[in-house]
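# Residue-level structure breakdown
The primary structure of each chain is shown beneath.
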Amino acid sequence: MDSNKQMADLLFKNITKTPDDYEQMYPKRNLEEGAVVTRFAPSPTGFLHFGGLFAAFIGKTATKSTNGVFYLRIEDTDKKREVENGVSLIVKGLNDFGIEIDEGMLSETDEKGAYGPYTQSKRKDIYQAYVKSLVEQGLAYPCFMTEEELATIREKQESEKLLPGVYGEFAKYRDITVEEAQKRIENGDEYVVRLKSPGKEDKRIKFKDVIKGEIEMPENILDVVLLKKDGTPTYHFAHIVDDHLMRTTHVIRGDEWISSVPIHLQLFWLCGLKPPKYAHISPIMKEENGGKRKLSKRKDPEAAVSYYSEVGYPKGAIWEYLMTLANSNYEDWRLANPNEDIDNFKFSFSKMSKAGALFDMVKLADVSKNYICRLSAEEVYEMVTDWAKENNKKLYKLLVDDEEYAKAIFAIERGNAKPRKDISAWTDVENYVSYFYSELWDRKFDFPDNLSNDDMIEILELYKQIYDENVSSDDWFPQVRDMAETIGYAKAPKVYKKDPDSYKGHVGDVAGVIRVAATGRRNTPDLYEILQVLGKDEVMKRFDEAIESLRG
């Protein structure tokens with residue numbers, strides 16, 4: 001019997017299936033030509049980083065635009081880093097921002113799709129079948145080096161400034177015989193299975209990254225570990241098997257993996273598999289002290305995806321912001337198409353930043369304001385109550401106790417050609433609506449400084465007499481203007497500016513006093529609409545309180 005076959009049978013006695021068997025179990029997908037199949041493949045550590053959300057967003061967007069498939073694969077071969085309910089936390093993080101998977105893990109135990117299992121720890125036999133095939137071809141071998149031997153090699157390589165790793169003269173067991181391997185295994189010696197790399201030091205490879213373009217690198221010469229001592233695969237090997245059998249067309253991941261591409265391409269070729277296209281994303285950057293640094297889990301609360309749910313950025317606003325980071329031409333498209341569905345934008349890998357997109361909380365808030373101002377009152381109400389139920393119990397109760405009243409508040413100046421942009425996240429809502437609710441309003445009046453208390457009392461006393469809740473929005477301000485003229489105020493600011501000595505002020509000052517009496521604030525949305533929502537009884541009550549406050 002061929003010695004390579006003997007070695008394979010020795011190492012993998014229980015593996016009966018071959019790569020060909022798995023090729024038949026996981027056939028090519030029946031998709032349209034050009035359809036993108038990609039995945040989000042995190043470890044179940046429970047923490048979904050903003051960079052991870054961004055990568056998942058890119059994957060989902062690329063597949064949606066081509067009628068492809070986006071799936072969630074869990075890479076859980078490193079059990080030490082797992083946290084309880086880690087998968088569910090990842091799924092929730094994606095769902096919170098509208099990133100729905102087409103296939104893959106739904107929880108710790110549930111999955112959907114025909115290309116599973118979608119958890120690496122359940123695919124051990126599949127990986128071993130492919131490694132067995134490599135051993136049979138003389139392309140992999142058992143390595144019995146101890147940690148002490150590996151440490152000695154590292155020290156020598158460091159002192160002589162050599163490439164670190166197992167290769168060439170440092171690959172002690174590269175040509176181990178079947179007899180020696182059997183003796184060591186029977187003796188209980190632990191081993192890993194390594195690739196027998198055919199790479200040459202003087203050779204280079206070229207590949208095209210769909211984001212960064214043509215890249216040239218030295219060929220891999222390392223005998224990398226394929227299977228660890230417990231028989232589980234390394235990331236290097238597991239991902240090439242999974243991405244092939246799950247028929248992934250594009251691998252979207254952080255650019256820290258570029259240095260590993262020569263290993264991965266070599267593994268694909270040696271296994272006789274067609275490599276997917278690689279899209280390496282530069283890290284999300286943040287400005288600090290005049291420079292730039294990576295968004296940090298340790299330093300930046302906004303690095304955790306949970307932060308955006310807690311603050312209350314709507315998922316649609318996050319999608320808008322992520323797209324501005326993803327494609328440089330998106331903002332121009334949105335300006336030209338303010339009411340178009342984001343799915344109508346043509347996403348392109350080639351428009352992604354090669355250097356790394358810059359994260360900007362101010363810009364996120366601005367994008368979110370623009371998104372929220374285009375929502376209907378009903379949409380705002382539903383989203384705010386969903387958020388408040390978990391994050392602001394007091395606000396939630398007020399909103400659901402009188403749904404129509406709350407919707408009327410959110411309808412103020414909504415649907416206009418230029419709607420107001422007072423809300424950037426749902427945490428802003430309590431302050432935004434506070435003067436509509438006695439439970440939230442502090443009943444402080446921020447009256448203007450340019451009028452005396454007696455003048456302001458006069459305005460309010462007179463307006464109380466003429467206020468008519470049934471007057472139309474077109475007639476409301478002319479009524480205020482007429483009243484202002486009768487008590488010595490100019491009918492317009494420009495009239496006042498021409499002859500300030502002839503007037504106490506102008507109609508804007510009069511309206512400003514009414515505004516503060518009704519809301520406590522100098523700056524609010526449309527005053528007519530506010531008065532309508534409050535109702536006449538509440539308006540009169542507030543005018544009385546304001547007059548009492550002015551009298552001291």
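The structure contained in this document is the topic of the report that follows. As the structure is a prediction and not an experimental result, all values here were calculated from the model.

## Here's the deal with helix 15 (residues 393-401)
Note that an α-helix has 3.6 residues per turn; residues three or four places apart therefore point the same way. Along helix 15, the residues that are buried comprise Leu395, Leu398 and Leu399. The arc that holds the buried residues of helix 15, viewed along the axis, is 95°, so those residues lie on one side. More than 90 degrees from the buried face of helix 15, the exposed residues found are Lys393, Lys397 and Asp401. Where helix 15 is buried, its residues contact helix 14 (377-391), helix 16 (403-411) and helix 17 (429-433).

## Overview of the packing of aromatic side chains
In total, this model carries 26 aromatic pairs according to the counting rule given. Taking 5.5 Å as the distance between ring centres and 85° as the angle between the ring planes, the aromatic pair formed by tyrosine 405 and tyrosine 437 counts as edge-to-face. Of this pair, tyrosine 405 sits in helix 16 while tyrosine 437 is found in the loop between helix 17 and helix 18 (453-466), placing the two residues 32 residues apart along the sequence. The pair formed by tyrosine 405 and tyrosine 437 is uniform in burial state, with each residue classed as buried.

## Here we look at unusual backbone geometry
Looking along the chain, the bond that leaves glycine 116 and enters proline 117 is cis, with omega of 0°. Along the chain, the position of proline 117 falls in the loop between strand 4 (111-112) and helix 5 (124-136). For asparagine 289, which is not glycine, the phi dihedral falls at a positive 55°. Turning to its location among the elements, asparagine 289 is positioned in the loop between strand 12 (285-288) and strand 13 (291-294). Relative accessible area serves as the criterion here: at 79%, asparagine 289 is assigned to the exposed category. Here the phi dihedral of glutamate 413 falls at roughly 55°; this positive angle occurs in a residue that is not glycine. Residue position: glutamate 413 is located in the loop between helix 16 and helix 17.

## Here's the deal with the sheet that holds strand 2 (residues 69-72)
Spatial ordering of the open sheet is given by 1-2-3-4, a layout of four strands whose pairing is mixed. Looking at strand neighbours, the two that pair on one side only are strand 1 (37-40) and strand 4, the edges of this open sheet. Pairing of strand 2 with strand 3 (residues 103-105) involves two bridges; the strand directions are parallel. In the strand pairing of strand 3, tyrosine 71 is matched with glutamate 103.

## Considering the side chain of serine 434
Relative to the elements of secondary structure, serine 434 occurs in the loop between helix 17 and helix 18. Filtering out sequence-adjacent residues up to four positions away, serine 434 remains in contact with Leu440, Trp441 and Arg521.

Quick notes on the rules
- Residues numbered from 1 in each chain as written.
- Predicted model: local features only at pLDDT ≥ 70, side-chain atom pairs only at ≥ 80, totals over all residues.
- Heavy atoms only, no water.
- Buried < 20%, exposed > 50% of the residue type's maximum accessible area, 1.4 Å probe, protein only.
- Helix = DSSP H or I, 4+ residues; strand = E, 2+ residues; numbered from the N terminus.
- Arc of directions from axis to C-beta.
- Contact = heavy atoms within 4.5 Å.
- Phe/Tyr/Trp six-rings, centres within 6.5 Å; stacked < 30°, edge-to-face > 60°.
- Pairing = 2+ DSSP bridges.

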